[in-house]
Amino acid sequence: MKPIRVLFVCLGNICRSPTAHGIFEKMVRESGLEEQILIDSAGTGDWHIGRPPDRRASAAALDRGHDLSHLRARQVRPEDFRDFDYILAMDQQNLWDLKALALPEFNGHLGLFLDFGTSGLKEVPDPYYGGEENFSQVLDLVEDAASGLLSHLREQLG
């Protein structure tokens, strides 16, 4: 069976999407599904290509046991719409940008990441210009939605 491929997307790929990438990667690994679910992250913008996650995002994640140090920012590419089954945006603006980039033949799931969570929110707020509490809120939202996404994918895998 072909693995399910998941791409998390935010604006610069240094705060929200690498946080989701790292948290979901750990959950998948701990579930023993790392051969069945493959994960990546990207940004719609190109400002941070090749850079590690924001130091504040990395520190907040590490405080909760999630290591983001191996991740590097990249930009969404047209071939992502061929390669990924789930492309999950952190907010509505990134979802609109992704829809504009999507290849006509894309038949995967393109939507908001928090639709898999229980918070009732639709968007993961960008913590970049905020303080430590903003990064903590992102972690809360991402951990919740990642758990919901993993449950969803487990059902799909059977």
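These notes cover the structure that comes with them. Given the structure is predicted, the values throughout are model-derived calculations rather than measurements.

Here is what the cut-offs are and how they apply
- Residues numbered from 1 in each chain as written.
- Predicted model: local features only at pLDDT ≥ 70, side-chain atom pairs only at ≥ 80, totals over all residues.
- Heavy atoms only, no water.
- Axes fitted to C-alpha atoms, helices over the stretch in contact; angles between N-to-C directions.
- Helix = DSSP H or I, 4+ residues; strand = E, 2+ residues; numbered from the N terminus.
- Parallel < 35°, antiparallel > 145°, perpendicular 65-115°, else oblique.
- Left-handed = near helix turned anticlockwise from the far one by under 90°.
- Contact = heavy atoms within 4.5 Å.
- Nonpolar A, V, L, I, M, F, W, Y, C, P; charged D, E, K, R; others polar.
- Pairing = 2+ DSSP bridges.
- Buried < 20%, exposed > 50% of the residue type's maximum accessible area, 1.4 Å probe, protein only.
- Arc of directions from axis to C-beta.
- Polar contact = N/O pair within 3.5 Å; in protein donor to acceptor, adjacent residues only side chain to side chain.

**Focus on the packing of helix α1 (residues 16-30) against helix α5 (residues 132-157)**
- Relative orientation of the contacting elements α1 and α5 amounts to 45 degrees, with a least axis distance of 9 Å. Between α1 and α5, the interaxial angle falls into the category oblique. The handedness of the crossing between α1 and α5 is right-handed. Contacts from Arg-16, Thr-19, Ala-20, Ile-23, Phe-24, Met-27 and Val-28 in α1 reach Val-138, Leu-139, Val-142, Glu-143, Ala-146, Ser-147, Leu-149, Leu-150 and Leu-153 in α5.
- Class assignment of the residues belonging to the contact of α1 with α5 gives a composition of 12 nonpolar, two polar and two charged.

**What about the sheet that holds strand β1 (residues 4-10)?**
- On the basis of which strands lie adjacent, the open sheet formed by four strands has the order β2-β1-β3-β4 and parallel pairing. Whereas interior strands pair on both sides, the edge strands pair on one side only; in this sheet they are β2 (37-43) and β4 (109-112). Shown here is a sheet whose adjacent strand axes are inclined to one another by a mean of 20 degrees, direction ignored.
- Examined bridge by bridge, strand β3 (residues 86-89) and β4 share four bridges and lie parallel to one another. Following the sheet pairing, Ala-89 is matched in β4 by Leu-112.
- Sitting on the sheet, helix α4 (residues 92-101) touches β1, β3 and β4, and the angle it makes with β4 is about 155 degrees.
- Across the sheet, α5 is in contact with β1, β2 and β3; its angle to β1 comes to roughly 155 degrees.

**Focus: α4**
- Listing the buried residues of α4 in full gives Asn-94, Leu-95 and Leu-98. Buried positions in α4, seen along its axis, are confined to an arc of 100 degrees and lie on one side of it.
- Measuring from the side-chain oxygen of the N-cap residue of α4 to the backbone nitrogen of Gln-93 gives 3.2 Å; that N-cap residue is Asp-91.

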